[in-house]
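The lines below spell out each chain.
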Amino acid sequence: MINKITVMGLGFVGLTTALGFSEKGYKVYGYDINCEKVEKIKNGILPFYEKSMEEILKKNINNNFLLVDSLKEAVENSKFIFFCVGTPCGEGGKAELTYLINAIKETLKYVKKGQYKILIIKSTVPPSTTKNRVKPFIEECGFIVGEDVGLANNPEFLREGCAWDDFINPDRIVIGQSDENTGRYIEEIYKCFNAPIYKVSLNTGEFVKYLSNTLLSTMISFSNEMSMIACEVGDINIKEAFKLLHIDKRWFGEPAKMSTYVYPGCGFGGYCLPKDTQAIYSLSKGNGFEAKILRSVLDVNNDIKYYLVNKVLKEVKSSEYIGILGLSFKPNSDDIRETPAKFFIEELIKRGHYNIIAYDPLAIDNFKKSYDLPIKYAKDLEEIMNKAENIIILTAWNEFKNISNIEDKKIFDLRYML
Ligand SMILES: NC(=O)c1ccc[n+]([C@@H]2O[C@H](COP(=O)([O-])OP(=O)(O)OC[C@H]3O[C@@H](n4cnc5c(N)ncnc54)[C@H](O)[C@@H]3O)[C@@H](O)[C@H]2O)c1
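Residues numbered from 1 in each chain as written. Predicted model: local features only at pLDDT ≥ 70, side-chain atom pairs only at ≥ 80, totals over all residues. Heavy atoms only, no water.

Under an unreviewed UniProt entry, the name given to the protein chain is UDP-glucose 6-dehydrogenase, and the source organism is Clostridium cavendishii DSM 21758. Checking UniProt for the protein chain, the heading Pathway (unreviewed entry) contains the comment "Nucleotide-sugar biosynthesis; UDP-alpha-D-glucuronate biosynthesis; UDP-alpha-D-glucuronate from UDP-alpha-D-glucose: step 1/1." As stated in UniProt under Sequence similarities (unreviewed entry), the record for the protein chain gives "Belongs to the UDP-glucose/GDP-mannose dehydrogenase family." (UniProt positions renumbered as here; feature names shortened; annotations may be inferred.)

If you want it as structure tokens, here you go:
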């Protein structure tokens, strides 16, 4: 039983998952409520187009991959049950979870306590669903998660069109686990995929999938918004412009590769991004086209700073010293134009925090000269660490990487660098 798997829902994700594990040598049961689909699969016909996968179906059906009409047989014989049912857009834009809840309910009918079956949600579900919706539901059905059954989510990153290759050669396997024991079981069945496995909290597992999809949708809408701006301005070859954008070294190379931009922090600054985003937004508005994404980009850049100042001030007393680490807008630069540090320091002072000391490996002189702020400056990292009870990292300088072990200080790593 330990190597047997049931896959509930045989759509793009479910059938690919079922065949992927079959191909790796596991015994897999497939179950779907759509009889027409099941009939096709039984006859070796793939119910959707995916290059080369029909061959794999033909090879595995009735060998490692068994289609079952009775869920009882499948669940009773399997250790792992993957839920790959649809989660379409429901009322008010919320994810419709009925299919998932029904599939779990059906499954639990055949689960006996003491067998420690592992229930794995592969469907895409909004962060907190496994923890706040599925876990309580399982417990209402009389099972204790972590004792009677294991519960996890395992987001799928395959792309239709190259689903097989994406599944069989994944770049990462993410397991959102309810407990470590469950995570270890799932890790074991994925070892043969030779991909890095990351075991994270239930909410993180779900969040990663949305992080990925919303980034993709944002990039597409952003590109479309820019194409509309280009149309309004006129005489711009949109295709050529995007091709030239794609040549940018940042897509591929070190040190400032694209992933350093798709990373949270305390807002973009410097000479170019704030003024250029503002300028193209204003140009577009002047031409009668409201660039909503760019407006939001500017708004979020403002909001994130207030959000973080509020977060810090909830934990800091006004009598305590605040140490600011980093004054330049980014590391390896002494440019302090539009730097988040200026905003943070001014805002802290405005809210009654006068005990501020700042340090930057390169930008102190520029900062002092440009902004006449009533704060102290430290000559080195040691001085600021000795003086301040609270440390706020505003620039991700390499030099700051080693400060994480200091216990008697509150450290606000606003660049997520430690
Ligand atoms: N399609 C993709 O590229 C992709 C990629 C990653 C993740 N996802 C996510 O994976 C999930 C499944 O997506 P899909 O494209 O495979 O959907 P799909 O609609 O192709 O397949 C879902 C299948 O589940 C079956 N089903 C519904 N209720 C069932 C039940 N109680 N028992 C058994 N089977 C049941 C349906 O009949 C259907 O065949 C969704 O949450 C989706 O967001 C999809």
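## A short note on the environment of Leu67
By the element assignment, Leu67 lies in strand β3 (residues 65-67). Put simply, Leu67 and Tyr31 are 36 residues apart on the chain and 6.2 Å apart in space, counted from C-alpha to C-alpha. (Helix = DSSP H or I, 4+ residues; strand = E, 2+ residues; numbered from the N terminus.)

## Re the sheet that holds strand β6 (residues 149-153)
Pairing in this open sheet of 8 strands is mixed, and the strands run β3-β2-β1-β4-β5-β6-β7-β8 from one edge to the other. Looking at the sheet topology across the chains shown, the edges are occupied by β3 and β8 (197-201). For this sheet, the mean inter-axis angle between neighbouring strands, taken without regard to orientation, is 25°. The sheet contact formed by strand β4 (residues 80-83) and strand β5 (residues 117-121) spans 4 bridges and is parallel. Note on β5: the bridge partner recorded for Phe80 is Ile118. The strands touched by helix α5 (residues 98-108) within the sheet are β1 (4-8), β4 and β5, with β4 carrying the most contacts at an inclination of about 160°. (Pairing = 2+ DSSP bridges. Axes fitted to C-alpha atoms, helices over the stretch in contact; angles between N-to-C directions. Contact = heavy atoms within 4.5 Å.)

## Quick word on the packing of helix α6 (residues 129-140) against helix α9 (residues 202-233)
Following both chains from N to C, one finds α6 and α9 inclined at 120°, their axes separated by 8 Å at the closest point. Relative to α9, the element α6 lies oblique. Residue-level contacts link Thr129, Thr130 and Lys131 of α6 to Leu202, Asn203 and Glu206 of α9. Residues of the contact of α6 with α9, tallied by class, amount to 1 nonpolar, 3 polar and 2 charged. (Parallel < 35°, antiparallel > 145°, perpendicular 65-115°, else oblique. Nonpolar A, V, L, I, M, F, W, Y, C, P; charged D, E, K, R; others polar.)

## Observations concerning the environment of Thr16
Locating Thr16 in the fold gives a position in helix α1 (residues 12-23). For the pair formed by Thr16 and Leu158, sequence separation is 142 residues and the distance between their alpha carbons is 9.2 Å. Beyond its immediate chain neighbours, meaning those up to four positions away, Thr16 contacts Gly11, Phe48, Met53, Leu158, Ala163, Trp164 and Phe167.

## Describing the packing of aromatic side chains
If you walk through the whole model with that rule in mind, you get 15 aromatic pairs. The interplanar angle of 55° and the centroid separation of 5.3 Å between the aromatic rings of Phe21 and Tyr190 together place this pair among those described as tilted. Taken together, the positions of Phe21 in helix α1 and Tyr190 in helix α8 (residues 180-190) put the pair 169 residues apart, joining distant regions of the chain. As far as burial versus exposure is concerned, Phe21 and Tyr190 are alike and both buried. (Phe/Tyr/Trp six-rings, centres within 6.5 Å; stacked < 30°, edge-to-face > 60°. Buried < 20%, exposed > 50% of the residue type's maximum accessible area, 1.4 Å probe, protein only.)

## Notes on the domain arrangement of the protein chain
Taken domain by domain, the protein chain holds domain 1 (4-211) and domain 2 (248-418). Taking only C-alpha atoms, the centre of domain 1 and the centre of domain 2 are 42 Å apart. (Domains from an automatic or database assignment.)

## Quick word on the pattern of salt bridges
Applying the stated criterion to the full structure yields 21 salt bridges. Of the charged contacts, one joins Lys112 and Glu76 as a salt bridge, the two residues approaching to 3.7 Å between their closest N and O atoms. One end of the pair, Lys112, is in the loop between α5 and β5; the other, Glu76, is in helix α4 (residues 71-77), with 36 residues separating them in the sequence. Within the structure, one salt-bridge network assembled from shared partners comprises Lys72, Glu76 and Lys112. (Salt bridge = Lys/Arg side-chain N within 4 Å of Asp/Glu carboxyl O.)

## Side note on the pairing of strand β2 (residues 27-31)
For β2, the tally of buried residues reaches 4 of 5 residues, placing the bulk of the element in the interior. Where β1 and β2 come together, 5 bridges link them in parallel fashion. What sits directly across from Lys4, in β2, is Lys27. In the classification by handedness, the crossover that spans β1, the intervening α1 and the parallel β2 is right-handed. Where β2 lies against β3, 3 bridges are found, and the strand directions are parallel. Looking at the pairing, Tyr29 lines up with Leu66 of β3. (Right-handed = clockwise from strand over helix to strand, strands pointing away.)

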